[in-house]
Amino acid sequence: MATGPDHGLKRIVWKRIKDTIITDCRKSEVWKILILDPFTTKLLSSCCKMSDLIPEKITIVEDLYKSREPVPEMKAIYFISPTAKCVDAFIADFKPKPKYKAAYVYFTDYCPDELFNNMKRSCAAYIRVCKEINMSFLPQEAQVFTCDNPGAFQSIYSPNSQDKNKTLETLADQLVTLCATLDEYPGVRYKKDGNMENAKTFAELVDNKLAKHYALDDSGTKKGKTQAQLLIVERGFDPVSPILHELTYQAMAYDLIDIQSGTYTYKAKDGSEKQALLSENDMLWVKLRHKHIAEVTEQIRKLVKEMSANKKQPDGKITISSLALMMKKMPSFRKQVTEKTIHLQLAEDCMQLFSNNVEKLCKAEQDLAVGSDVEGVKVKDPMRTLLPVLLHPYSTYDKIRAVLLYIFSLSGTTDENLSKLIQHVKIEADQEFILNWKELGVPIITTPSFFPRKSTRRDRSQDQIYNLSRWTPVIKDVMEDAVENKLDTKEWPHQSECPAAWNGSGAVSARQKHKASAQDERRSGARLIVFVLGGICHSEMRCAYEVTQAVKSCEVIIGSSHILTPTGLLDDIKALSKGPMETFAIEEKSNA
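Residues numbered from 1 in each chain as written. Predicted model: local features only at pLDDT ≥ 70, side-chain atom pairs only at ≥ 80, totals over all residues. Heavy atoms only, no water.

Looking at the packing of helix H1 (residues 9–26) against helix H7 (residues 164–181)
Point 1. Across the interface, H1 lies against H7 with an axial gap of 11 Å and an inter-helix angle of 80°. Here H1 is positioned roughly perpendicular relative to H7, judged by the angle of their axes. From H1, Leu9, Ile12, Val13 and Arg16 reach across to H7, where they touch Leu178, Ala180 and Thr181. (Axes fitted to C-alpha atoms, helices over the stretch in contact; angles between N-to-C directions. Helix = DSSP H or I, 4+ residues; strand = E, 2+ residues; numbered from the N terminus. Parallel < 35°, antiparallel > 145°, perpendicular 65-115°, else oblique. Contact = heavy atoms within 4.5 Å.)

Now the structure itself:
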């Protein structure tokens, strides 16, 4: 199945917006104003540019909450969330005096009767259209979505949370709108966990809401299940992947470099500060983001050298300075060189941080995570692997990450051992970084008599190319097992019936070339949707693309409340023990 910006979630979302909001408004051949709230601003920005809106006769985009000049001769399109705050702001635009000639109102999701009646009472005379378009998720990438709610982590996992049920309800509503946008009615399964009930509760919510949503379609008939499967897991099912130092380009960049909202800020050679957006509009980013940093560095230099040769440039060492000189000499060449310059700079930044610190850490981290060394020899004493990391002047965060990997490798440690580790890292005042993982159902303290059963992993020893990238996120095993119909029904109970194409044996291997079977044909174009409660990391996002690429008959889409970075997750973990009204700030501590 083709993937990428033209075939992915962003394109589907933009098409849906065009087919509903834009088509409705095109009937009236006049220029209009588009008014958005913070969420719909992000939603629209993720899938289109201002240049896409101008041909649709949208002349200006405004913020719902900001003070705006009245334009009484123009009509306004409101694309907003169905919240009391948004509805109040909308009503204020028409009472006591209307700012616009008429309003076309589109809600991202179901609007409660109370809010709808309030609008009707206050300004019915100005409302030409009022629709719910079922789209309250953000398409982050071609195969990745979020609910734009990082706060959901605290709401779900904090023992002091006062809005856990409400948060799960909201996330379920948002996930249903994703399924509706894809026109999918999937079978629902969840990962069973003896200690945690969130996945089960959430699966029930989603399944009930899907049934309600698809109870009757426009023709008055009940929609049946489509060729899709939805898997729900909790963050604690794989605590290793979001903590490891990853060496694939996107995951490494977001871990080591301070990238905010997809924007990479860097210093140009002339000292000026520049910014670059890492998005799917940058095709080089799409091509490189899932590759190992060694391949990325090699490919960028190769591309730049090819360009130099084409322009009869001296084939010397490629640097940022030489590229800047080339750009000055050839203005027409500028656009072509810019994105390569950005990635040359970003890859160099990553490699510098890697060489200074991360490289030495990675071997220990990989040995702890995988449970064996590069030669495949089992790590018999994980403490011997961890100790050099604790004795080296790494940052506190890096040491905490290594300690956690040690604890995860043993499925918990004793109180006495943990106290010694906390003293080693000098985080006596901040031990919640480690202890609070128990709120996610991850064993931290165990008794010597307790030996939890470790789940078996797929053998990937033949796939390993890089010694410092031997770990594979657990979600990839899950995706492949789901595609091959190998998920154990005891561990992955069905919340609702699964479509026929996902039942029985004879499914294709996600790792081998295969001939199309009858079942494969039947499931062609099927989707596997994976939702992780508590955030997803970039390496897990990569797995969705890798499995889709291996199994052409099934597209894998992954989503969560938000996207994690290792330090962001650690800060969230620490905050779990704070009261509902408390806030905190973490300062990076370093022994360097």
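Observations concerning the nonpolar core
Point 1. Core analysis: the biggest nonpolar cluster contains 95 residues, and Ile17, Phe202, Ile232, Ile434 and Trp437 have the highest contact counts within it.
Point 2. At nine residues, the largest contribution of residues to this core is made by helix H15 (residues 396–410).
Point 3. Beyond its immediate stretch of four places on either side in the chain, Trp437 contacts Pro239, Ile243, Leu404, Phe408, Val442, Ile444, Leu569, Leu570 and Ile573.
Point 4. Core analysis: the next-biggest nonpolar cluster, separate from the first, contains 28 residues, Ala276, Ile342, Val358 and Leu468 among them. (Core = buried A, V, L, I, M, F, W, Y, C linked by side-chain atoms within 4.5 Å. Buried < 20%, exposed > 50% of the residue type's maximum accessible area, 1.4 Å probe, protein only.)

Digging into the packing of helix H18 (residues 474–483) against helix H20 (residues 538–550)
Point 1. Relative orientation of the contacting elements H18 and H20 amounts to 30°, with a least axis distance of 9 Å. Relative to H20, the element H18 is oriented roughly parallel. The interaxial crossing formed by H18 with H20 has right-handed handedness. Here Ile475, Lys476, Met479, Glu480 and Val483 of H18 lie close against H20, whose contacting residues are Glu540, Cys543, Ala544, Glu546 and Val547.
Point 2. Broken down by class, the residue content of the contact of H18 with H20 amounts to six nonpolar, no polar and four charged. (Left-handed = near helix turned anticlockwise from the far one by under 90°. Nonpolar A, V, L, I, M, F, W, Y, C, P; charged D, E, K, R; others polar.)

Notes on the sheet that holds strand E1 (residues 32–36)
Point 1. Strands sit in the order E2-E1-E3-E4-E5 across an open sheet of five strands; the sheet is parallel. Two strands close off the open sheet at either side, each with one partner strand: strand E2 (58–63) and strand E5 (127–132). Here the strands of the sheet are splayed against their neighbours by 20° on average, with no regard to which way each runs.
Point 2. Note: strand E4 (residues 100–107) against E5, five bridges, orientation parallel. Residue pairing across strands places Phe107 opposite Glu132, the latter belonging to E5.
Point 3. Helix-sheet contacts for helix H2 (residues 38–47) involve E1 and strand E3 (71–80), and the interaxial angle to E1 is about 115°. (Pairing = 2+ DSSP bridges.)

Here's the deal with the environment of Lys378
Point 1. Locating Lys378 in the fold gives a position in the loop between helix H13 (334–370) and helix H14 (382–391).
Point 2. Assessed through its relative accessible area of 63%, Lys378 is described here as exposed.
Point 3. Counting along the chain gives 11 residues from Lys378 to Asp367, while the straight-line C-alpha distance between them is 8.7 Å.
Point 4. In this structure, Lys378 is in contact with Gly371 and Ser372, ignoring residues within four places of it in sequence.

Looking at H14
Point 1. For H14, the complete set of buried residues consists of Pro382, Thr385, Leu386, Val389 and Leu390. All buried residues of H14 fall inside an arc of 130° around its axis, so they share one side. Exposed side of H14, more than 90 degrees from the buried face: Arg384 and Leu391 are the residues found there. (Arc of directions from axis to C-beta.)

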